[in-house]
Amino acid sequence: MARRLRFNGTGSGEGSCPAVHEDLATGEVIVHGPRLTDPDALAQLQHLDDDEIPIVVPRNTLIDFGPKERDSEPRIFTPEQFARLFENFQHSAWHLETRRRYAVDEQSETYAQFARSEKPVWDLETPWSRTIRAKTTDGACVGRVRVVDDPPTEGQLYLLAHGEKNAALGEDVRNIWRADAAQANLPDEDFWIFDSHIVAVCLFDNDDHLTGAELITQPAAVNQYNRLRDIARHYSVPYQQFNAARPAKEA
């Protein structure tokens, strides 16, 4: 089976070697860099088999881009604590939405309107709406990339329509097909990044209700999520463009 590799990073300012990759299936780490050829140094190496090639990698490259385990006791926020993160961020909040259904959406009147094939009437004065609009009006960047199945689920179709409200609040709303997300090695995790230094991985029960969020603040781990954000932005398209192309794709 072909490996599914994720590029973690490089210590070279020009983007070449040495670099660190991670096998998403096995967790193995693959590094490449200049080959060690000095005979005196080679003579000092222990357990070097004939089919192995020693390479030289700067220590900081491994520290910065090697995989890091999460804390043995992860910090879990309740939904109420999680909600306060949206009030407290300063300059950016970004969401990778990967789920096929969000139970909270189905409790809204706009979802009922959508299910009846009516055009939803978006309320731009809800507490959430006022919070986000205040942030974007003040110059903060709020955005999301939504992963969509082919064909989309009902919940995803609702969110494709909901992009209109998100955009009205000043958000950058983009979409990507799930197959393209997999090709880009995006994870199935659903997470928010606040101010580029706090990650909240959303936790859901079996009925797709949000139960809380795991907070990640370890710099090397946060750096990987920031990189995933950049990848998602690069390969996704604005929701209006995605919606315009979708009927042709489904046909």
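Relevant structure appears above.
To start, this report covers the structure provided alongside it. Bear in mind the structure is a predicted one, so any value in this text is a computation, not a measurement.

Turning next to the packing of helix 3 (residues 79-88) against helix 5 (residues 127-137). Contact pair helix 3 / helix 5: the axes reach a minimum separation of 9 Å and the direction vectors enclose 35°. Mapping the contact onto sequence places Phe-86, Glu-87 and Asn-88 in helix 3 and Trp-128, Thr-131 and Lys-135 in helix 5. For the contact of helix 3 with helix 5, a count of residues per class yields two nonpolar, two polar and two charged.

In this description, a pair of aromatic rings is defined by centroid distance and the angle of the planes. Per the counting criterion, the structure on display carries 15 aromatic pairs. Judged by centre distance (6.3 Å) and plane angle (45°), the ring pair of Phe-89 and Phe-194 falls under tilted. Taken together, the residues span a long stretch of sequence, with Phe-89 in the loop between helix 3 and strand 5 (92-97) and Phe-194 in strand 8 (residues 191-194) at a distance of 105 residues. The exposure class assigned to Phe-89 is buried, which follows from its relative accessible area of 2%. Overall, the relative accessible area of 2% leaves Phe-194 in the buried class. What links up through ring pairs into an aromatic cluster is the set Phe-82, Phe-86, Phe-89, Trp-128, Trp-192 and Phe-194.

Turning our attention to the state of the cysteines. In the structure shown here, the tally under the stated rule is zero disulfides. Left unpaired, Cys-141 is separated from the closest cysteine sulfur, that of Cys-202, by 20 Å. Its relative accessible area of 10% is what places Cys-202 among the buried residues.

Turning to the side chain of Thr-110, a few remarks are in order. Take Thr-110: it is sitting in helix 4 (residues 109-115). Engagement of the side chain of Thr-110 in a polar contact is seen with the side chain of Ser-108, the distance being 3.2 Å. Aside from chain neighbours lying at most four places away, what touches Thr-110 is Pro-120, Val-121, Trp-122 and Tyr-158.

What follows covers the sheet that holds strand 4 (residues 75-77). Reading across from one edge, 4-10-9-8-5-6-7-11 is the order of the eight strands in this open sheet, with mixed pairing throughout. For this open sheet the edge positions go to strand 4 and strand 11 (237-238), each flanked by a neighbour on one side alone. Where strand 6 (residues 141-148) lies against strand 7 (residues 172-177), six bridges are found, and the strand directions are parallel. Paired with Val-148 across the strands is Trp-177, a residue of strand 7. Sheet strands in contact with helix 6 (residues 154-168) are strand 5, strand 6 and strand 7, and its direction is about 165° off that of strand 6.

By secondary structure assignment, the location of Gly-27 is in the loop between strand 2 (19-23) and strand 3 (29-32). Between the C-alpha atoms of Gly-27 and Tyr-111, which are 84 residues apart in sequence, the distance is 40 Å.

A few words on helix 3. All of the buried residues along helix 3 are Phe-82, Leu-85 and Phe-86. Seen end-on, helix 3 carries its buried residues on one side only, within an arc spanning 100°. Of the residues in helix 3, the exposed ones pointing more than 90 degrees away from the buried face are Glu-80 and Asn-88.

The next point concerns the pattern of salt bridges. Taken as a whole and judged by the stated rule, the model has 16 salt bridges. Across the salt bridge formed by Arg-101 and Glu-106, the nearest N and O atoms sit 2.7 Å from each other. Taking relative accessible area as the criterion, Arg-101 reaches 32% and is therefore assigned partly exposed. For the salt bridge of Asp-208 with Arg-101, the shortest nitrogen-to-oxygen distance reads 2.8 Å. Of this pair, Asp-208 sits in the loop between strand 9 (198-204) and strand 10 (210-216) while Arg-101 sits in the loop between strand 5 and helix 4, and the two are 107 residues apart along the sequence. According to the relative accessible area criterion, Asp-208 is buried, its value standing at 16%.

This part takes up the nonpolar core. Taken as a class, soluble globular proteins show a tendency for nonpolar side chains to be buried jointly. Membership of the largest hydrophobic core comes to 19 residues, with the highest contact counts inside it found for Trp-94, Leu-96, Leu-186, Phe-191, Val-199, Ile-216 and Tyr-225. Where this core is concerned, the elements lending two or more residues are strand 5, strand 6, strand 8, strand 9 and helix 8 (219-235). Examining the composition of this core, we find that six residues originate from one element, helix 8, more than from any other. Excluding residues within four positions of it along the chain, Leu-186 makes contact with Arg-4, Ile-176, Ala-181, Leu-228, Ile-231 and Ala-232. With 17 residues, the next largest nonpolar core counts Val-142, Leu-169, Cys-202 and Ala-213 among its residues.

Definitions and limits used
- Residues numbered from 1 in each chain as written.
- Predicted model: local features only at pLDDT ≥ 70, side-chain atom pairs only at ≥ 80, totals over all residues.
- Heavy atoms only, no water.
- Axes fitted to C-alpha atoms, helices over the stretch in contact; angles between N-to-C directions.
- Helix = DSSP H or I, 4+ residues; strand = E, 2+ residues; numbered from the N terminus.
- Contact = heavy atoms within 4.5 Å.
- Nonpolar A, V, L, I, M, F, W, Y, C, P; charged D, E, K, R; others polar.
- Phe/Tyr/Trp six-rings, centres within 6.5 Å; stacked < 30°, edge-to-face > 60°.
- Buried < 20%, exposed > 50% of the residue type's maximum accessible area, 1.4 Å probe, protein only.
- Disulfide = S-S within 2.5 Å.
- Polar contact = N/O pair within 3.5 Å; in protein donor to acceptor, adjacent residues only side chain to side chain.
- Pairing = 2+ DSSP bridges.
- Arc of directions from axis to C-beta.
- Salt bridge = Lys/Arg side-chain N within 4 Å of Asp/Glu carboxyl O.
- Core = buried A, V, L, I, M, F, W, Y, C linked by side-chain atoms within 4.5 Å.

It is worth stressing that arrangement in space is one thing and function is another; only the former is reported here.
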